Amino acid sequence: MPQRFPLKPLCLVVLQALACQAYAAEPADAAADDSAAAGALAGPIQSIEITGRGQSRQVQNINKADLAEALPGTSPLKVLEKLPGVNFQSADPFGAYEWSTRFSIRGFNQNQLGFTLDGIPLGDMTYGNNNGLHISRAISSENIGSVSVSQGAGALGTASTSNLGGTVQFFTLAPTDERGLTFAQTFGSDSTSRTFARVDTGLINGVFKAYISGTRQRTEKTKGAGDQDQDQLNSRFVFNFGDNSLTGFVNYSDRREVDYQDMSLEMIKRLGYDWDNYQPDWNRAVNAAKGIFTGGVTSLDDAYYSAGGLRKDTIGGLTLDLHLSSNVDLKTTIYHHDNEGQGHWYTPYVPTNASNPISLRTTEYTIGRDGVISDLTWEIGGHTINAGLWGERNNHTASRNYYAVTGPADTMYFLSKPFATDWKQNFITTTSQYYVQDTLALMDGKLKLNAGFKAMDVNIKATNLVGTRAAGELTADKKFLPQAGFNYAVTSDDEVFGSASKNMRAHQPGVTGPFSQTQAAYNAGVGNLKPETSTNIDLGYRFKRANLQGSLAVYNARFDDRQLSVATCAGILGCPSTLVNVGKVDTKGVEAIAVWKFNREFSWFNSYTFNDSKYQSNYMDGTTLVPVNGKTVVDAPRQLFNTEVSYESGTWFARAGGKYTGKRYYTYLNDNGVPSFWLANLSAGYKMKSLGWVKDLSLQVNVTNLFDKQYISSIGTNGFQASDPNGTAQTLLTGAPRQVFITLNGKL
């Protein structure tokens, strides 16, 4: 085993020296402008562009510079892991492998957060998504201009039915005024090749501009056999007429990824971190299916032949932005999204025939969404009034099928004509939401008060087409979900802020949720089924000085009627889940963020989070009491710490950082979990500016997991368990080893 650099002691020294300083910066436009695109490779780079100055909520933004220096193809969610309150995990170096992606804020897991792209809802971005798509499929990372994170409660107008906690808003980089071609080519570990090219028309006749881009990524898994590939096309136009504009986009993605084997603590100890599925050894998989085990394997579930996921998405929209008068603006967006998906799993539990003990099991998805979002802003006197509405109709179908296989053939394509179907359901979900908010400026603008509310109605009509899963109609609605806050500028460089909000998460259709139960279980529990709700309170302080900027926030959140879908068997068996109400959950914590700008070239970024999320109610699993009262919420580390040093000379640039993730439990009784760990990353490069006919040419090196740390990344991949004292639950994924990538990019 290679010797590993002792990063942990060094980082502990850094953490001890930091205390809890914090960072803030000037506000910036939500949408990225042309200069961001033109200057992404030039000029001094700031670690964070904005930390919500003037906001009544805890807010930070990641700018284009942070995204540009990340490994090309990296999910912007992974870039956000440096922010306080944010926990991100993935088994691949890009953070784009969706089965493994786990993203949480302040103990709210991914399906309790809200995500949008230019205001268009992305759903909760979970693997078996029923109402959206992952950001890595929605747009190429090179075309994202900025990302805004609200750790507590999102803005009232956020188009989401799942944002109990924070929201993440992605904003597209605008077409540039200058005509040109932008390109980037990445090569690296595990035969990685990523090609990105974008053509901008430039500003035509002073009113129209557009771009179209293509991305092709090919990479092998970091262990085992199989590839994780993606092709993307993005296009966008802006047409200006007077003070008004019409913007449109169409994005397409075709992603195919071979899965890693889900592990348990016992398996990692017995088989090692590098253990994976049998592919390409078909005979060994067949023998295992017959109970003939070799090489340390002791169970049918230690490995399968292979597994994988396929997703095709097309999403597009039109936005009309009208400046109706000097103090009234109206913005309206219509959008459409089509999705086709299949999750593949070679199962030894259902034979193809008498001579072949293995078949290919799929979970198949389709989504067809249409929606409209409209927002009005009216400034009158010291008031800014915001009001808007959102409506969406979503047609979603999910099914579980089995296909015959004859041997080690390539099956990473969309299959048809199964020999058996376990279940098939269709869901028509109709969403309507409206909001009203008033922001009042007092004391010559030093004090800002905001108050408003939103109303939400989500109706699901579920039809059972095959099998015994539940059908029915279910509505979640709240007519009054209030939000209020304040921001007071103590001086021009210091401010305090606070906010309180009430939110609801609607019931979810699809593979999990109320309709994933049997009809009998659904009928027995639907009368007592309540949507999850939360109350969030934030209080904080922001400051800025010549070379130090910061913020410090404390928060408290209460969950009521928290629903958990509990697996009743091994993931590959696909048993109906049981929906469990775990009652109340209390969360409290402290967040700090800081950046020291030592001089023009050097800066030092730090963030720290202490989060305490605990269940407050025991629950029943059938006739068994599960005494979770006082236990820590699963996958909610108590401490997170990130430190990063940046250097930018205009020619040379470098970033070196490390992140500490505290212990995480994957059992509700906290009788087992995964240990804390440090992880370090490095990026560095040289900007040649111009070389012949190529402008802004740069060469960049990215090293992920710099010290080749062995660690457990994602947990809960096959759900969470009440108890696992022996460490046999296969619901963990190991992290990627050290990876090295080189990128050449520039403009023509």
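Calculation rules
Residues numbered from 1 in each chain as written. Predicted model: local features only at pLDDT ≥ 70, side-chain atom pairs only at ≥ 80, totals over all residues. Heavy atoms only, no water. Patch = residues over 30% accessible without salt bridge, like charges linked within 9 Å, V, L, I, M, F, W, Y side chains within 5 Å. Areas by Shrake-Rupley, 256 points an atom, 1.4 Å probe, with all protein chains shown as cover. Salt bridge = Lys/Arg side-chain N within 4 Å of Asp/Glu carboxyl O. Helix = DSSP H or I, 4+ residues; strand = E, 2+ residues; numbered from the N terminus. Buried < 20%, exposed > 50% of the residue type's maximum accessible area, 1.4 Å probe, protein only. Pairing = 2+ DSSP bridges.

Q: Before we go on, may I ask you to explain a nonpolar patch on the surface in this structure?
A: On the surface, Leu-318, Ile-334, Val-372, Leu-389 and Tyr-434 cluster together to form a nonpolar patch covering roughly 420 Å² of accessible area. Tracing the sequence through the fold places Ile-334 in strand β14 (residues 328-347). Judged by its relative accessible area of 44%, Ile-334 is partly exposed.

Q: It is not clear to me how the pairing of strand β22 (residues 548-560) should be interpreted in this structure. Could you clarify?
A: Of the strand pairs in this sheet, strand β21 (residues 532-544) and β22 are connected by 12 bridges, and their pairing is antiparallel. Looking at β22, one finds that Thr-535 is bridged to Arg-558. Hairpin geometry of β21 and β22 is characterised by an intervening segment of 3 residues between the two adjacent antiparallel strands. Relative to strand β25 (residues 585-597), β22 runs antiparallel, the two sharing 12 bridges. Within β25, the residue paired with Leu-552 across the bridge is Ala-592.

Q: Looking at this model, I keep getting lost on the pattern of salt bridges. Mind explaining?
A: Where charged atoms from two side chains of opposite charge come close, those side chains can pair. Applying the stated criterion to the full structure yields 31 salt bridges. For Arg-655, the salt bridge goes to Glu-69, with nearest N and O atoms at 2.9 Å. Highlighted residues: Arg-655 in strand β30 (residues 652-661) and Glu-69 in helix α3 (residues 64-69), separated in sequence by 586 residues. Like Glu-69, Arg-655 is buried. As a salt-bridge pair, Arg-542 and Glu-495 come within 2.7 Å of each other at their nearest N and O atoms. Note that Arg-542 is positioned in strand β21 and Glu-495 in strand β20 (residues 494-505), a separation of 47 residues in sequence. Its relative accessible area of 0% is what places Arg-542 among the buried residues.

Q: Please explain the sheet that holds strand β4 (residues 114-117) as it appears in this structure.
A: To summarise the sheet geometry, strands pair through backbone hydrogen bonds and adopt either a parallel or an antiparallel arrangement. One open sheet holds the 5 strands; their spatial order is β1-β6-β7-β4-β5, and the pairing between them is mixed. Strand pairing shows two members of the sheet lacking a second neighbour, β1 (59-62) and β5 (120-121), which therefore form its edges. In terms of strand pairing, β4 meets strand β7 (residues 167-172) through 4 bridges, oriented parallel. Opposite Thr-116, over in β7, you have Gln-169 as the bridge partner.

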